[in-house]
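Letter by letter, the chains look like this.
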Amino acid sequence: MYSSQELEHLLLLWRSAEKGLDSDALQPARERTFMGVKADMMHLINGGRWLLVTEKTAAVTYYDLDTDTISGVPLIPAQMELTNARPILMSIDLDTHSPFLQFTIAFSLDNGGTRKQSTNSAESRRRVQIWRVSVALDDSQHAVGLTATCLASFPHRPEIRFVISLSLLGPNIAFTSTTGMIIYAFVVDWTQANVSPLTYPWRVMQWTTVLSTTSIHLFPSSMVLVASDVNWSLCDFSLTPETINSPDLPRATLVVGTSSCVSALSFDYTSVFNELPTIVELIHWTPDVSYAKTCLGYKRIVVMNHDLTIIRTSPPFTTPQNPTGGFRKYLLSSAPGAKAPLLDEDSGRVVYITQRSESSEPNTTNFAVVDFAMIFRKQLSPY
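Anyway, here's the lowdown on the structure attached to this text. (Residues numbered from 1 in each chain as written. Predicted model: local features only at pLDDT ≥ 70, side-chain atom pairs only at ≥ 80, totals over all residues. Heavy atoms only, no water.)

A look at the environment of Glu81
Relative to the helices and strands, Glu81 resides in the loop between β5 (72–76) and β6 (89–94). For Glu81, a relative accessible area of 52% puts it in the exposed group. Considering only alpha carbons, one finds Glu81 and Ala58, 23 residues apart in sequence, at a separation of 9.4 Å. (Helix = DSSP H or I, 4+ residues; strand = E, 2+ residues; numbered from the N terminus. Buried < 20%, exposed > 50% of the residue type's maximum accessible area, 1.4 Å probe, protein only.)

Shown next, in the form of structure tokens:
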């Protein structure tokens, strides 16, 4: 599937990205900017080539960041009317067993409307959608774009009033939700729910009476982590695992932001039940601080204020009081209004939103792409 020249390029990219991200000088090899659709959420797919931008209507546009001229291509059409749209949630699960790039997207949608709408109707107020995204190949079997197919669409159960966070892994989706004044964590097999949308089972994993910001993350070996401002819970959501347990990274590091700080959590998700994770505060939270959510196994995070800071999070932990050379800063060339950074470690690529310029269209977003892979220093950037 790869020529020897392509494999050589990938190897050089990976090695130079590692060197560029860990360089004491932290100078990018190139920087580019482009204009895209108005972003509600962004996801940088592993490998750093494809950027997904989601609008408030759940419409998704993708951008090929490896091209000289970056332009958007519609991937998923709008799923809600903009006038009725409530906040949407989106989670991505990468298929690591596919020979070509393939991943699944889960949406939790709230289309407004009345509470009396039937939960089995197409107009049901709160719904879950599952989409499969694959690469489009040309005659020489090279990736030239992305295509999306809807695999499942079913209503949230009527007890669900407001979904707070969402995670997708294989056939399972996990989410936290309010049912009255209590927050619960649920795990649902979406393949079953799509077949029986009115009677599908779920698992209630954790509850709290504290109405605080929560996030949820599914891991291999049927483990689910629920994190909030005040507590953390790691547990096995199935006594009989539904999938074969063969994790590559039994020790996980996850970065979570709360109302006061950005913290790193380290825990073993394969053998310990209800383990209390190691929690280390990385940086104090202020309203103008923005950070990139990490992927399982990532060794670094990006924190953005007036500069771009790369923090190494793998043990031994880096902290502001004990930096151990792990805090590296780069003054942003597009600093005003910079927010929502995304990091792909394999390619050494960071994408973030910049402040809207006076010439920008009203319904667009300005993006910046920063490459730390040293391989790009040999190339003349058209930007």
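Focus: the sheet that holds strand β2 (residues 41–44)
Taken together, the 4 strands give an open sheet; going across it, the order is β2-β3-β4-β5, and neighbouring strands pair in antiparallel fashion. Since the sheet does not close on itself, it has two edges, and those belong to β2 and β5, each with one partner. The mean angle between the axes of side-by-side strands here comes to 25°, regardless of whether they run parallel or antiparallel. For strand β4 (residues 60–64) and β5, the ladder comprises 4 bridges, and the chain directions are antiparallel. Each residue of the ladder has a partner; that of Tyr62, found in β5, is Val73. (Pairing = 2+ DSSP bridges. Axes fitted to C-alpha atoms, helices over the stretch in contact; angles between N-to-C directions.)

Observations concerning the packing of aromatic side chains
Following the criterion strictly, the structure yields 7 aromatic pairs and no others. Arranged with centres 5.4 Å apart and planes meeting at 70°, the rings of Phe154 and Tyr200 form a pair that is edge-to-face. You can see Phe154 sitting in strand β9 (residues 143–155) and its partner Tyr200 sitting in the loop between α2 (190–195) and β13 (203–208), a full 46 residues away along the chain. Tyr200 carries the same exposure label as Phe154, and that label is buried. For the ring pair Phe186 and Trp202, a centre distance of 4.3 Å and an interplane angle of 25° mean the geometry is stacked. One end of the pair, Phe186, is in strand β12 (residues 182–189); the other, Trp202, is in the loop between α2 and β13, with 16 residues separating them in the sequence. According to the relative accessible area criterion, Phe186 is buried, its value standing at 2%. Ring pairs connect the aromatic residues Phe34, Tyr63 and Phe367, which therefore count as one cluster. Positioned over the ring face of Trp202 is Arg157, at 3.7 Å from the centre of the ring. (Phe/Tyr/Trp six-rings, centres within 6.5 Å; stacked < 30°, edge-to-face > 60°. Lys NZ or Arg CZ within 6 Å of the ring centre and 35° of its normal.)

Overview of the pairing of strand β8 (residues 126–137)
Across the 12 residues of β8, 9 count as buried, placing the element largely inside the fold. Note: strand β7 (residues 102–110) against β8, 9 bridges, orientation antiparallel. Note on β8: the bridge partner recorded for Ala106 is Ile130. Summarising the sheet, β8 and β9 pair through 11 bridges and their orientation is antiparallel. Within β9, the position partnered with Val128 by the bridge is Phe154. Hairpin connection from β8 to β9: 5 residues lie between these consecutive antiparallel strands, with Gln141 at a positive phi of about 65°.

A few points about helix α1 (residues 4–22)
The end-to-end C-alpha distance of α1, which contains 19 residues, comes to 27 Å, matching closely the 27 Å that a straight helix rising 1.5 Å per residue would cover. Taken together, the buried positions of α1 are Leu13, Ser16, Ala17, Gly20 and Leu21. Looking straight down α1, one finds that the buried residues subtend no more than 125° of arc, so they occupy a single side. The exposed set on the far side of α1, more than 90 degrees from its buried face, consists of Ser4, Glu8, Arg15 and Lys19. (Expected span 1.5 Å × (residues − 1). Arc of directions from axis to C-beta.)

Quick notes on the pairing of β2
The side-chain alternation of β2 yields two buried faces, one formed by Met41 and His43 and the other by Met42 and Leu44. With 4 bridges joining them, β2 and strand β3 (residues 50–54) adopt antiparallel strand pairing. By the bridge assignment for β3, Leu44 is matched with Leu51. Hairpin connection between β2 and β3: a loop of 5 residues separates the two successive antiparallel strands, and Gly47 in this loop has a positive phi of roughly 110°.

Considering the pattern of salt bridges
Going through the model one piece at a time under the given rule, you end up with 7 salt bridges. Between Asp40 and Lys56 there is a salt bridge, with the nearest N and O atoms lying 3.3 Å from each other. Here Lys56 lies in the loop between β3 and β4 and Asp40 lies in the loop between β1 (30–37) and β2, a separation of 16 residues in the sequence. Taking relative accessible area as the criterion, Lys56 reaches 48% and is therefore assigned partly exposed. For Arg126, the salt bridge goes to Asp110, with nearest N and O atoms at 3.7 Å. Taken together, the residues Arg126 in strand β8 and Asp110 in strand β7 connect sequence positions 16 residues apart. (Salt bridge = Lys/Arg side-chain N within 4 Å of Asp/Glu carboxyl O.)

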